[in-house]
Number of protein chains: 2
Amino acid sequence: MKLTTKGRYAVMALADLANFNKASPVPLRDISFRQGISLLYLEQIFLKLKKHNIVRSIRGSGGGYILFKKAEELKLSEIFFAVDENVKTINCNKDSKKGCNGKSSKCITHYLWDELDLHINSFFENKKLSELTKTQNKKL
Amino acid sequence: MKLTTKGRYAVMALADLANFNKASPVPLRDISFRQGISLLYLEQIFLKLKKHNIVRSIRGSGGGYILFKKAEELKLSEIFFAVDENVKTINCNKDSKKGCNGKSSKCITHYLWDELDLHINSFFENKKLSELTKTQNKKL
DNA sequence: TATATACCCGAGTAAAATAGTCAAGATTAA
DNA sequence: TTAATCTTGACTATTTTACTCGGGTATATA
Ligand code: FES
Ligand code: FES
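Let me sum up the structure you'll find in this document. These numbers were taken from a predicted model, which means no experiment stands behind them.

## Here we look at the protein's contact with DNA strand C
Turning to step 1, where the next piece is worked out: Neighbouring residues of DNA strand C: 29 residues in total, closest S38 and Q44 of chain A together with K50, S57 and Y65 of chain B.
Turning to step 2, where the next piece is worked out: Sugar and phosphate atoms form 65% of the subset of DNA strand C atoms that lie within 4 Å of the protein.
Turning to step 3, where the next piece is worked out: The separation between a phosphate oxygen of DNA strand C and a polar main-chain atom of L28 of chain B is 3.0 Å.
Turning to step 4, where the next piece is worked out: Note that a base nitrogen of DNA strand C is positioned 3.4 Å from one of the side-chain N or O atoms of E43 of chain B.
Turning to step 5, where the next piece is worked out: For the surface near DNA strand C, the secondary structure elements donating two or more residues are α1 (5-20) and α3 (39-51) of chain A together with α2 (28-35), α3 (39-51), β1 (55-58) and β2 (64-67) of chain B.
Turning to step 6, where the next piece is worked out: Per-element accounting of the surface near DNA strand C gives the leading share, four residues, to α3 of chain B.

## Remarks on helix α1 (residues 5-20) of chain B
Turning to step 1, where the next piece is worked out: Across its 16 residues, α1 of chain B extends 22 Å between first and last C-alpha, which sits within 8% of the 22 Å expected from 1.5 Å per residue.
Turning to step 2, where the next piece is worked out: For α1 of chain B, the tally of buried residues reaches 13 of 16 residues, placing the bulk of the element in the interior.

## A few points about the protein's contact with DNA strand D
Turning to step 1, where the next piece is worked out: Around DNA strand D lies a shell of 30 residues, among which K50 and Y65 of chain A together with S38, Q44 and R59 of chain B are the nearest.
Turning to step 2, where the next piece is worked out: Taking all atoms of DNA strand D within 4 Å of the protein, the share assigned to sugar and phosphate is 67%.
Turning to step 3, where the next piece is worked out: One nitrogen or oxygen atom from the side chain of S38 of chain B is found 2.5 Å from a phosphate oxygen belonging to DNA strand D.
Turning to step 4, where the next piece is worked out: Here a base oxygen of DNA strand D sits 2.6 Å away from a polar atom, N or O, in the side chain of Q44 of chain B.
Turning to step 5, where the next piece is worked out: Among the elements of the structure, α2 (28-35), α3, β1 (55-58) and β2 (64-67) of chain A together with α1 and α3 of chain B are those that each provide at least two residues to the surface near DNA strand D.
Turning to step 6, where the next piece is worked out: With four residues, the single largest contributor to the surface near DNA strand D is α3 of chain A.
Turning to step 7, where the next piece is worked out: Residues of the surface near DNA strand D, tallied by class, amount to nine nonpolar, 13 polar and eight charged.

What counts as what
Residues numbered from 1 in each chain as written. Chains lettered and ligands numbered in written order. Predicted model: local features only at pLDDT ≥ 70, side-chain atom pairs only at ≥ 80, totals over all residues. Heavy atoms only, no water. Near = heavy atom within 4 Å. Polar contact = N/O pair within 3.5 Å; in protein donor to acceptor, adjacent residues only side chain to side chain. Helix = DSSP H or I, 4+ residues; strand = E, 2+ residues; numbered from the N terminus. Expected span 1.5 Å × (residues − 1). Buried < 20%, exposed > 50% of the residue type's maximum accessible area, 1.4 Å probe, protein only. Nonpolar A, V, L, I, M, F, W, Y, C, P; charged D, E, K, R; others polar.

Here you go:
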């Protein structure tokens with residue numbers, strides 16, 4: 001399974017973006033500063049987010065990024081998909097030498113990971129970006 | 001998050017063990033052969049499983065491993081815990097330079113990962129080893 | 001008792017994945 | 001024009017993972 005800083009940062013940064021999106025585009029520099037994430041790394045991440053239409057970019061001075069959809073309509077699963085964090089716990093078909101070759105038949109645990117994938121993905125599928133910031137506010 | 005071959009192999013091997021446990025102890029060599037997992041790696045894994053009372057070992061010729069509990073009573077969460085695959089998606093407190101230092105306050109996404117951890121762990125908590133082999137048999 | 005079978009254990013290594021950097025642009029507002 | 005900002009591909013350091021090695025110890029059975 002993959003759930004790395006790339007996906008974490010993406011969610012973090014977008015939550016930040018959602019908070020400051022109200023009037024004008026938000027430059028990465030601000031997000032980098034507020035969230036303590038390397039600017040260069042953020043750029044890499046936002047490129048992917050842009051390609052997948054999660055955000056829209058405005059170049060030049062005074063530019064930055066804005067959300068493409070409303071935070072209420074943006075599912076976390078879309079975000080993870082965009083940055084290549086496809087939550088796959090299944091391991092078969094990768095090579096034919098290891099236990100999980102799926103050559104003759106599925107290994108004993110195959111259906112388990114299948115089920116787990118479904119379980120995890122449904123979590124992200126049902127979670128909207130807006131819920132994040134709300135939860136945060138409630139706790140404060 | 002961590003979900004690596006160590007945890008996968010542990011579940012695989014134990015499922016195998018559960019199937020062949022009926023009469024006599026099962027040597028790792030057999031499991032290694034049947035599941036296509038390196039014997040030396042299996043030894044490492046079973047050492048941990050033994051320390052956490054998941055399996056019991058019988059040394060010497062004709063020896064091997066047997067399950068400590070019945071497969072119906074063995075939760076997958078116990079297995080993962082035993083091999084150090086503590087499913088933690090949370091990242092804070094590791095170092096104070098990165099985004100998630102938890103120094104002044106929790107980051108925006110903290111509660112999200114909290115919730116996710118809970119969600120995933122409940123999956124393993126409610127899953128017994130015996131359910132694995134049953135599912136497998138049903139599909140055949 | 002000799003021997004083979006099997007578990008026991010710490011340490012070490014190679015490969016892969018991740019996290020992050022660099023350099024050289026291209027746009028655009030002011 | 002200048003400074004701010006996004007764009008892009010390649011490159012590198014670090015960390016983690018997966019696995020091996022070498023030398024044990026216990027026990028069954030011939
Ligand atoms: S996980 Fe699919 S064959 Fe093992
Ligand atoms: S995940 Fe806990 S502070 Fe970021």
